[in-house]
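Here is how the chains run, residue by residue.
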Amino acid sequence: MESLSTGIKGLDVLMDGGYPKGKGILITGPPGAGKTILGLHFLHRSCQEGRRCILILTRELTEDILSQARSIKLDLEPFLESGLLSIRNVFEDKMNKIKFVSKFGKGLCSVDADIIEYLSAMSSEVDVVVIDTIGVLAINYDIKEFADEFSSISIILLKNECTSLFIMDEDSYNLTHRLAGYMAFGLIRLMSQENFSSGKTKQYIYIEKMREKTVPVKYSLFDITPEGMRIIISMK
Ligand SMILES: Nc1ncnc2c1ncn2[C@@H]1O[C@H](COP(=O)(O)OP(=O)(O)OP(=O)(O)O)[C@@H](O)[C@H]1O
Ligand SMILES: [Mg+2]
(Lines give C-alpha, C1' and ligand atoms only; values in the text may rest on other atoms or scores of the structure.)
(Ligands and ions follow the chains in the order given, each with its own letter.)
Protein backbone atom coordinates (compact mmCIF):
# COMPACT_ATOMS: atom_id res chain seq x y z
CA MET A 1 0.00 0.00 0.00
CA GLU A 2 1.37 3.41 -1.02
CA SER A 3 2.01 5.85 1.84
CA LEU A 4 2.32 9.61 2.22
CA SER A 5 4.97 10.99 4.56
CA THR A 6 3.58 12.26 7.86
CA GLY A 7 6.24 15.00 7.83
CA ILE A 8 7.75 13.52 11.02
CA LYS A 9 10.74 11.24 10.41
CA GLY A 10 10.25 8.97 13.42
CA LEU A 11 6.53 8.59 12.74
CA ASP A 12 7.16 7.58 9.11
CA VAL A 13 9.35 4.78 10.43
CA LEU A 14 6.64 3.66 12.88
CA MET A 15 3.97 3.83 10.20
CA ASP A 16 5.91 1.87 7.57
CA GLY A 17 6.31 4.92 5.32
CA GLY A 18 3.48 7.16 6.53
CA TYR A 19 -0.29 7.58 6.24
CA PRO A 20 -1.99 5.11 3.86
CA LYS A 21 -2.70 6.92 0.59
CA GLY A 22 -6.33 7.76 -0.11
CA LYS A 23 -7.56 6.75 3.34
CA GLY A 24 -8.90 8.58 6.40
CA ILE A 25 -7.09 8.58 9.74
CA LEU A 26 -8.61 9.77 13.01
CA ILE A 27 -6.32 11.66 15.40
CA THR A 28 -7.57 12.05 18.93
CA GLY A 29 -6.20 13.12 22.29
CA PRO A 30 -6.62 15.61 25.14
CA PRO A 31 -6.27 19.41 24.83
CA GLY A 32 -2.75 20.56 24.00
CA ALA A 33 -1.58 17.03 23.15
CA GLY A 34 -0.24 17.98 19.72
CA LYS A 35 -3.12 17.01 17.38
CA THR A 36 -3.01 20.26 15.41
CA ILE A 37 0.78 20.06 15.19
CA LEU A 38 0.49 16.56 13.71
CA GLY A 39 -1.84 17.98 11.06
CA LEU A 40 0.48 20.92 10.34
CA HIS A 41 3.46 18.60 9.77
CA PHE A 42 1.44 16.55 7.30
CA LEU A 43 0.20 19.60 5.38
CA HIS A 44 3.66 21.17 5.20
CA ARG A 45 5.32 17.98 3.94
CA SER A 46 2.53 17.25 1.46
CA CYS A 47 2.82 20.77 0.00
CA GLN A 48 6.61 20.39 -0.19
CA GLU A 49 5.98 17.24 -2.23
CA GLY A 50 3.71 19.21 -4.57
CA ARG A 51 0.39 17.78 -3.38
CA ARG A 52 -2.76 19.88 -3.35
CA CYS A 53 -4.02 20.28 0.21
CA ILE A 54 -7.05 21.64 2.03
CA LEU A 55 -7.19 22.51 5.71
CA ILE A 56 -10.68 22.88 7.16
CA LEU A 57 -10.77 24.71 10.49
CA THR A 58 -13.87 24.62 12.64
CA ARG A 59 -12.80 26.21 15.91
CA GLU A 60 -9.73 28.38 15.58
CA LEU A 61 -8.73 31.47 13.65
CA THR A 62 -6.73 30.90 10.47
CA GLU A 63 -4.24 33.52 11.61
CA ASP A 64 -3.61 31.64 14.87
CA ILE A 65 -2.99 28.34 13.10
CA LEU A 66 -0.56 29.96 10.63
CA SER A 67 1.28 31.56 13.52
CA GLN A 68 1.39 28.23 15.41
CA ALA A 69 2.87 26.61 12.28
CA ARG A 70 5.53 29.35 12.04
CA SER A 71 6.39 28.81 15.73
CA ILE A 72 7.49 25.25 14.91
CA LYS A 73 9.28 26.35 11.72
CA LEU A 74 6.58 25.19 9.34
CA ASP A 75 5.83 28.17 7.13
CA LEU A 76 2.61 27.47 5.25
CA GLU A 77 2.24 30.91 3.71
CA PRO A 78 4.29 30.24 0.53
CA PHE A 79 1.97 27.28 -0.20
CA LEU A 80 -1.10 29.44 0.36
CA GLU A 81 0.32 31.98 -2.08
CA SER A 82 1.15 29.34 -4.69
CA GLY A 83 -2.36 27.86 -4.33
CA LEU A 84 -1.12 24.40 -3.28
CA LEU A 85 -2.79 24.92 0.10
CA SER A 86 -6.30 26.25 0.68
CA ILE A 87 -7.71 26.97 4.11
CA ARG A 88 -11.46 26.93 4.67
CA ASN A 89 -12.55 28.30 8.00
CA VAL A 90 -16.04 27.12 9.01
CA PHE A 91 -15.67 28.97 12.30
CA GLU A 92 -14.86 32.34 10.75
CA ASP A 93 -17.55 31.92 8.07
CA LYS A 94 -20.00 31.18 10.85
CA MET A 95 -18.98 34.32 12.74
CA ASN A 96 -19.44 36.39 9.57
CA LYS A 97 -22.86 34.85 8.99
CA ILE A 98 -23.88 35.58 12.58
CA LYS A 99 -22.95 39.23 12.07
CA PHE A 100 -24.87 39.23 8.82
CA VAL A 101 -28.04 37.45 9.94
CA SER A 102 -28.25 39.28 13.25
CA LYS A 103 -28.64 42.49 11.24
CA PHE A 104 -31.86 41.00 9.96
CA GLY A 105 -32.93 39.78 13.36
CA LYS A 106 -32.79 36.06 12.53
CA GLY A 107 -30.26 35.10 15.21
CA LEU A 108 -28.13 32.01 15.51
CA CYS A 109 -30.64 29.37 14.50
CA SER A 110 -30.45 30.21 10.82
CA VAL A 111 -26.69 29.74 10.76
CA ASP A 112 -25.73 26.52 9.09
CA ALA A 113 -22.04 25.95 8.52
CA ASP A 114 -21.34 22.65 6.88
CA ILE A 115 -18.13 20.72 6.27
CA ILE A 116 -19.92 18.56 3.70
CA GLU A 117 -20.79 21.69 1.72
CA TYR A 118 -17.09 22.57 1.47
CA LEU A 119 -16.04 19.05 0.55
CA SER A 120 -18.75 18.56 -2.07
CA ALA A 121 -17.56 21.71 -3.84
CA MET A 122 -13.85 20.85 -3.73
CA SER A 123 -11.84 20.06 -6.84
CA SER A 124 -11.21 16.40 -7.66
CA GLU A 125 -7.50 17.24 -7.83
CA VAL A 126 -7.15 17.64 -4.07
CA ASP A 127 -4.76 15.04 -2.61
CA VAL A 128 -4.76 15.82 1.12
CA VAL A 129 -7.46 17.06 3.52
CA VAL A 130 -7.02 17.87 7.20
CA ILE A 131 -10.12 18.70 9.27
CA ASP A 132 -9.32 20.35 12.60
CA THR A 133 -11.62 19.48 14.35
CA ILE A 134 -14.59 17.22 13.64
CA GLY A 135 -15.34 17.44 17.38
CA VAL A 136 -17.89 20.16 16.58
CA LEU A 137 -20.09 17.49 14.99
CA ALA A 138 -20.34 15.74 18.36
CA ILE A 139 -21.69 18.91 19.91
CA ASN A 140 -24.09 19.81 17.13
CA TYR A 141 -25.62 16.39 16.49
CA ASP A 142 -26.94 13.34 18.33
CA ILE A 143 -25.07 10.04 17.95
CA LYS A 144 -26.96 8.83 14.86
CA GLU A 145 -26.66 12.18 13.14
CA PHE A 146 -22.96 12.25 14.01
CA ALA A 147 -22.47 8.78 12.46
CA ASP A 148 -24.32 9.87 9.29
CA GLU A 149 -22.39 13.11 9.03
CA PHE A 150 -19.03 11.43 9.62
CA SER A 151 -19.69 8.66 7.08
CA SER A 152 -20.81 11.22 4.48
CA ILE A 153 -17.58 13.16 5.01
CA SER A 154 -15.51 9.95 4.84
CA ILE A 155 -17.22 8.72 1.67
CA ILE A 156 -16.72 12.02 -0.19
CA LEU A 157 -13.02 11.93 0.72
CA LEU A 158 -12.57 8.23 -0.13
CA LYS A 159 -14.25 8.73 -3.52
CA ASN A 160 -11.89 11.63 -4.21
CA GLU A 161 -8.95 9.43 -3.12
CA CYS A 162 -7.88 12.06 -0.59
CA THR A 163 -5.52 11.11 2.19
CA SER A 164 -7.28 12.68 5.16
CA LEU A 165 -6.71 13.43 8.82
CA PHE A 166 -9.76 13.89 11.03
CA ILE A 167 -8.73 15.62 14.23
CA MET A 168 -11.09 15.12 17.16
CA ASP A 169 -10.66 16.10 20.79
CA GLU A 170 -10.84 13.22 23.23
CA ASP A 171 -14.02 14.40 24.97
CA SER A 172 -15.99 14.55 21.72
CA TYR A 173 -14.51 11.19 20.73
CA ASN A 174 -15.73 9.59 23.95
CA LEU A 175 -19.05 11.44 23.80
CA THR A 176 -19.72 9.79 20.45
CA HIS A 177 -18.92 6.32 21.87
CA ARG A 178 -15.63 6.25 19.90
CA LEU A 179 -17.65 5.57 16.75
CA ALA A 180 -15.29 7.56 14.53
CA GLY A 181 -12.46 5.25 15.59
CA TYR A 182 -14.36 2.21 14.29
CA MET A 183 -15.31 3.99 11.09
CA ALA A 184 -11.90 5.44 10.14
CA PHE A 185 -9.23 3.43 8.31
CA GLY A 186 -6.69 4.26 10.99
CA LEU A 187 -6.70 5.59 14.53
CA ILE A 188 -3.88 7.44 16.27
CA ARG A 189 -4.21 8.54 19.89
CA LEU A 190 -2.03 11.03 21.67
CA MET A 191 -1.92 10.65 25.43
CA SER A 192 -0.05 12.06 28.36
CA GLN A 193 1.05 10.63 31.67
CA GLU A 194 1.69 13.05 34.48
CA ASN A 195 4.22 12.42 37.20
CA PHE A 196 3.08 14.63 40.06
CA SER A 197 6.20 14.14 42.17
CA SER A 198 8.64 15.15 39.44
CA GLY A 199 6.19 17.59 37.84
CA LYS A 200 7.06 16.15 34.42
CA THR A 201 4.62 14.93 31.82
CA LYS A 202 5.37 12.14 29.38
CA GLN A 203 3.61 12.24 26.04
CA TYR A 204 2.85 9.13 24.04
CA ILE A 205 1.65 8.52 20.52
CA TYR A 206 -0.33 5.30 20.18
CA ILE A 207 -1.09 3.83 16.76
CA GLU A 208 -4.20 1.98 17.82
CA LYS A 209 -5.30 0.82 14.41
CA MET A 210 -3.98 0.96 10.84
CA ARG A 211 -5.80 -1.37 8.47
CA GLU A 212 -3.66 -3.19 5.89
CA LYS A 213 -0.42 -2.19 7.61
CA THR A 214 1.79 -3.90 10.09
CA VAL A 215 2.52 -1.57 12.97
CA PRO A 216 5.02 -3.46 15.10
CA VAL A 217 5.49 -0.68 17.64
CA LYS A 218 2.32 0.86 18.98
CA TYR A 219 3.36 3.16 21.85
CA SER A 220 6.09 5.76 21.38
CA LEU A 221 7.29 8.57 23.56
CA PHE A 222 7.38 11.97 21.85
CA ASP A 223 7.94 15.61 22.64
CA ILE A 224 7.12 18.93 21.00
CA THR A 225 10.15 21.10 20.33
CA PRO A 226 10.53 24.46 18.55
CA GLU A 227 11.01 22.25 15.44
CA GLY A 228 7.73 20.44 16.04
CA MET A 229 6.94 16.87 17.03
CA ARG A 230 9.80 14.45 17.58
CA ILE A 231 9.52 10.73 18.30
CA ILE A 232 11.92 9.81 21.11
CA ILE A 233 11.60 6.13 22.01
CA SER A 234 9.42 3.37 20.73
CA MET A 235 8.00 0.64 22.89
CA LYS A 236 6.55 -2.71 21.79
N1 LIG B 1 6.91 26.41 19.35
C2 LIG B 1 6.69 25.47 20.28
N3 LIG B 1 7.70 24.97 21.02
C4 LIG B 1 7.49 24.03 21.96
N5 LIG B 1 6.28 23.51 22.23
C6 LIG B 1 5.24 23.96 21.54
C7 LIG B 1 5.37 24.96 20.52
N8 LIG B 1 4.16 25.22 20.00
C9 LIG B 1 3.32 24.42 20.68
N10 LIG B 1 3.95 23.67 21.59
C11 LIG B 1 3.33 22.68 22.50
O12 LIG B 1 2.32 22.02 21.79
C13 LIG B 1 1.09 22.06 22.49
C14 LIG B 1 -0.06 22.42 21.56
O15 LIG B 1 -0.16 21.49 20.57
P16 LIG B 1 -1.47 21.47 19.66
O17 LIG B 1 -2.00 22.84 19.44
O18 LIG B 1 -1.12 20.67 18.45
O19 LIG B 1 -2.46 20.67 20.59
P20 LIG B 1 -3.91 20.14 20.27
O21 LIG B 1 -3.92 18.70 20.63
O22 LIG B 1 -4.29 20.52 18.89
O23 LIG B 1 -4.79 20.95 21.34
P24 LIG B 1 -6.32 21.42 21.27
O25 LIG B 1 -7.15 20.20 21.56
O26 LIG B 1 -6.42 22.43 22.34
O27 LIG B 1 -6.57 21.97 19.91
C28 LIG B 1 1.21 23.16 23.50
O29 LIG B 1 0.56 22.77 24.68
C30 LIG B 1 2.68 23.34 23.69
O31 LIG B 1 3.09 22.63 24.83
MG1 LIG C 1 -5.72 21.75 18.09
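Heads up: the structure comes first, above all this text.
If you're wondering where the values come from, they're calculated on a predicted model, not measured in any experiment.

Conventions and cut-offs
- Residue positions are counted from 1 within each chain, in the order its sequence is given.
- By the order in which they are written, chains take letters starting at A while ligands take numbers starting at 1.
- Note on the predicted model: pLDDT of at least 70 is required for a residue's local features to be given, and 80 or more for side-chain atom pairs to be given and counted; whole-chain, interface and lining totals, by contrast, use all residues.
- Strands here mean DSSP runs of E at least two residues long; helices mean DSSP runs of H or I at least four residues long; both are numbered from the N terminus.
- C-alpha atoms define the radius of gyration, and 2.2 Å times the number of residues to the power 0.38 defines the globule rule.
- It is the C-beta atoms, placed from the backbone, that decide contacts: two residues are in contact if theirs lie within 7 Å.
- Nearness between a residue and a molecule or strand is assessed with a C-beta atom placed from the backbone; a distance within 6 Å qualifies.
- Asp, Glu, Lys and Arg are counted as charged, while Ala, Val, Leu, Ile, Met, Phe, Trp, Tyr, Cys and Pro are counted as nonpolar; the rest, among them Gly, fall into the polar class.
- Only buried residues count toward a nonpolar core: Ala, Val, Leu, Ile, Met, Phe, Trp, Tyr and Cys, linked into one set through C-beta atoms within 7 Å.
- Backbone-placed C-beta atoms define the burial measure: a residue is buried with 20 or more other C-beta atoms within 10 Å of its own, exposed with 12 or fewer, and partly exposed in between.

(A) Examining the overall build of the protein chain more closely. Helix and strand content of the protein chain: 10 helices and 11 strands. Against the globule reference of 18 Å for 236 residues, the protein chain gives a C-alpha radius of gyration of 18 Å, in line with a compact fold. Summarising the internal contacts of the protein chain: among those between residues at least 6 apart in sequence, 66% fall at separations of at least 24.

(B) The arrangement of the site of ligand 1 in detail. Around ligand 1 lies a shell of 14 residues, among which G32, K35, T36, I37 and S71 are the nearest. For the shell around ligand 1, the secondary-structure elements that each account for two or more residues are α2 (35-48) and β10 (219-225). Ranked by residues supplied to the shell around ligand 1, first place goes to α2 with three residues. A class-by-class count of the residues in the shell around ligand 1 yields six nonpolar, six polar and two charged.

(C) Spatial organisation of the nonpolar core. Formed by 59 residues in total, the largest nonpolar core has its most connected members in L43 and F166. The element that contributes the greatest number of residues to this core is α2, accounting for six residues. Setting aside chain neighbours within four positions, we find L43 in contact with C53, L55, L76, L85, V128 and V130.

(D) Highlighting the environment of L14. Mapping L14 onto the fold places it in helix α1 (residues 9-14). Residue class for L14 comes out buried when judged on the 22 C-beta atoms lying within 10 Å of it. With 193 residues separating them in the primary sequence, L14 and I207 have C-alpha atoms 8.6 Å apart.

(E) Unusual backbone geometry, seen in detail. Cis geometry is found at the peptide bond from D132 to T133, where omega equals 10°. Here T133 is to be found in the loop between β6 (128-132) and α7 (135-140). Even without a glycine there, the phi angle at K73 is positive, about 60°. One non-glycine residue, E212, lies in positive phi territory at about 65°. Structurally, E212 can be placed in the loop between β9 (200-210) and β10.

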